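These are the residues of each chain, in order.
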Amino acid sequence: MKGVQEGTPEAVLLTGAAAETVRMAGGPWAFLGLWDERPVFAVDCSEADDPLPLLPEGMGGFTDLRAVAGLLPAGEASVLAHARGLMHWRTKHRFCSVCGHACAPRSAGHVMVCSNCNAQHFPRTDPAVIMLVVRGDECLLGHSTRFPNTTMYSTLAGFVEPGESLEEAVRREVLEEAGIEVGAVRYHSSQPWPFPSSIMLGFHAEGLSEAITIDPEEMRDARWFSRAQCLDPAAHGFALPRADSIARRLIEDWLAHV
């Protein structure tokens, strides 16, 4: 990545010759597809003690994709997210979950096949629901234990349990985290979240109760915020999620529809 310090991050694509040095670090690789009619591959170098010297001089450096995804040029975030999620899966699934033997990559790195029982293993995506609960002219936002050093309040979220519908997951998570009963649930939009392998499914939900009872293991605080407060959060002592997040999109769409 280059341009991070200047606030204009841009993905760095290595030539085949330059990527050969990175590949020699011994990590997995995979074919991602065609981008602007050019074949693009992902190569994992996380096993190297210091991967930066593997890059050609002046090519840029490594950075956290989550911190810059919203600033990347169109298309680059998707390609990098694909690469990041696939490489994480490859490094964590080297052995068969059926018999324990080593697996080998197939289908350009998108399938792992057991060398003993021939079981096929595919990348997984874990569904998570994220929801803005609305009651009258207020919305429910929480301050998670995951961001203790900020004033940010965001929408509630959680993973979908086996055998559970998305609507049931929304109602369960809100009840568990904030003690609020939820009625109607309406799908809004989604956002890939390959950190390591999730997709965020966004909803607007109807709050049926008012009294908040937080789960202290999940939330530091949760409150009902008015439209006026959300339109000017700094003046009321809190911050909203970053602009490129689905959480922020859920909030802003609610604010835009009076």
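Above this text you will find the structure in question.
Residues numbered from 1 in each chain as written. Predicted model: local features only at pLDDT ≥ 70, side-chain atom pairs only at ≥ 80, totals over all residues. Heavy atoms only, no water.

Draft legend 1. Seen up close, unusual backbone geometry. Between Phe195 and the following residue, Pro196, the backbone shows a cis peptide bond with an omega angle of 10°. Although it is not a glycine, Ser107 adopts a positive phi angle of roughly 50°. The exposure class of Ser107 is exposed, given its relative accessible area of 53%. Located in the positive-phi region is Asn118, a residue other than glycine, with phi close to 65°. (Buried < 20%, exposed > 50% of the residue type's maximum accessible area, 1.4 Å probe, protein only.)

Draft legend 2. Structural detail: the state of the cysteines. As enumerated under the stated definition, the model contains 0 disulfides in all. Cys114 provides the cysteine sulfur closest to Cys99, a residue in no disulfide bond, and the two sulfurs are 3.4 Å apart. Here Cys139 stays unpaired: no disulfide links it, and the sulfur of Cys230, its closest cysteine neighbor, is 3.7 Å away. Since its relative accessible area comes to 0%, Cys139 is described here as buried. (Disulfide = S-S within 2.5 Å.)

Draft legend 3. Highlighting the sheet that holds strand β3 (residues 103-106). If you trace the 3 strands from one edge of the open sheet to the other, you get β3-β4-β5, paired in antiparallel fashion. Every other strand in the sheet has two partners, leaving β3 and β5 (120-121) as the edge strands with one partner each. Judged from the 4 bridges that link them, β3 and strand β4 (residues 111-114) form a sheet pairing that is antiparallel. Its bridge partner lying in β4, Arg106 is registered against Val111. (Pairing = 2+ DSSP bridges. Helix = DSSP H or I, 4+ residues; strand = E, 2+ residues; numbered from the N terminus.)

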